[in-house]
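Report on the structure
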Amino acid sequence: KTGILNESDEVAGIARLTQKAVLRGTAARSGAAMEKEIARLGGLLTANVGYDQTSFTMIAAAESYGAMVQLLADVILHPAFKEDDVKKAAAQVLLESKQAQGQVETAAMEKLFAAAFTTHRLKRGSAVSESFLAAATPAQVQSFYQAHYQPANTTVTVLGDFFTLNGIGQVQLRFGEFKAGTGN
């Protein structure tokens, strides 16, 4: 339940920056170590930010389920937000935003929102602030994370070929420590 609509104009792009930075490493794993572990498990971990949600999607074989849930919990509960990672994530968000603005569908939606909304946050659409992204700090990302990545805003959905009680038990075990305002 956290997305672009949770950004103020001054920090436009912070939802996508936080999502990208979360995937760049945890307190226990570097981004490269995470990627290596995901590949070893035969899995896939992706993320996406929308207007009112951020989703992290994990795909894995049933035999890798427990290890992938453990990894996903580490990613969401213990992001590192290192300065170099935040800078790289900011550059990635800016590049992706420019690419999206060049797409006809995105440009049309942005113009529609600008015309349809006079005061609502949607008037700005999904545009990012280049000046914010150029100067974004780990502290700003951490603050956004702590304010919005909360248990009440989170849904963990599990689908697959595994024993249901084991699947739920793994999620409860790994996400049981998720408390409001946590994170490194």
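Here's a quick rundown of the structure.

Some details on the overall build of the protein chain
Within the protein chain, the regular secondary structure consists of 8 helices and 2 strands. Walking the protein chain from its N terminus toward its C terminus, one meets helices and strands in the order α-α-β-β-α-α-α-α-α-α. Its C-alpha atoms give the protein chain a radius of gyration of 17 Å, within 12% of the compact-globule value 16 Å for 184 residues. In the protein chain, which comprises 184 residues, the share counted as buried stands at 40%. In the protein chain, once contacts between residues fewer than 6 apart in sequence are set aside, the share between residues at least 24 apart is 77%. Working note: accessible area of the protein chain is about 9800 Å², and carbon and sulfur atoms make up 56% of it.

Let's talk about the packing of helix H1 (residues 14-22) against helix H4 (residues 83-101)
With their axes 9 Å apart at the nearest point, H1 and H4 run at an angle of 130 degrees to one another. Here H1 is positioned oblique relative to H4, judged by the angle of their axes. Crossing geometry of H1 relative to H4 is assigned as right-handed. Contacts between H1 and H4 pair Arg16, Leu17, Lys20 and Ala21 from the former with Val86, Ala89, Ala90, Gln92, Val93 and Glu96 from the latter. A breakdown of the residues in the contact of H1 with H4 according to their chemical character gives 6 nonpolar, 1 polar and 3 charged.

Some points on the pattern of salt bridges
Per the counting criterion, the structure on display carries 7 salt bridges. With its nearest N and O atoms 2.8 Å apart, the salt bridge here joins arginine 124 to aspartate 9. Of this pair, arginine 124 sits in the loop between helix H5 (104-116) and helix H6 (130-135) while aspartate 9 sits in the segment before H1, and the two are 115 residues apart along the sequence. Glutamate 96 is the salt-bridge partner of lysine 20, the closest N and O atoms lying 3.0 Å from each other. A residue pair is termed long-range when its members are at least 10 positions apart, and lysine 20 in helix H1 and glutamate 96 in helix H4 qualify at 76 residues. We classify glutamate 96 as partly exposed; its relative accessible area is 33%.

A closer look at the environment of valine 22
Relative to the helices and strands, valine 22 is located in helix H1. Between the alpha carbons of valine 22 and glycine 125 there is a distance of 23 Å; along the sequence they are 103 residues apart. Dropping the residues within four chain positions of it, valine 22 is found in contact with Phe56, Val75, Pro79, Phe81 and Tyr145.

So, the packing of aromatic side chains
Tallied over the full model, the rule gives 5 aromatic pairs. Arranged with centres 5.5 Å apart and planes meeting at 65 degrees, the rings of phenylalanine 81 and tyrosine 145 form a pair that is edge-to-face. With phenylalanine 81 in the loop between helix H3 (65-77) and H4 and tyrosine 145 in helix H7 (residues 138-148), the pair connects residues that are 64 residues apart, well separated along the chain. The same class applies to phenylalanine 81 as to tyrosine 145, namely buried. Put simply, the rings of Phe56, Phe81, Tyr145 and Tyr149 pair up and form one aromatic cluster.

What counts, and where the lines are drawn
Residues numbered from 1 in each chain as written. Predicted model: local features only at pLDDT ≥ 70, side-chain atom pairs only at ≥ 80, totals over all residues. Heavy atoms only, no water. Helix = DSSP H or I, 4+ residues; strand = E, 2+ residues; numbered from the N terminus. Rg over C-alpha atoms; globule rule 2.2 N^0.38 Å. Buried < 20%, exposed > 50% of the residue type's maximum accessible area, 1.4 Å probe, protein only. Contact = heavy atoms within 4.5 Å. Areas by Shrake-Rupley, 256 points an atom, 1.4 Å probe, with all protein chains shown as cover. Axes fitted to C-alpha atoms, helices over the stretch in contact; angles between N-to-C directions. Parallel < 35°, antiparallel > 145°, perpendicular 65-115°, else oblique. Left-handed = near helix turned anticlockwise from the far one by under 90°. Nonpolar A, V, L, I, M, F, W, Y, C, P; charged D, E, K, R; others polar. Salt bridge = Lys/Arg side-chain N within 4 Å of Asp/Glu carboxyl O. Phe/Tyr/Trp six-rings, centres within 6.5 Å; stacked < 30°, edge-to-face > 60°.

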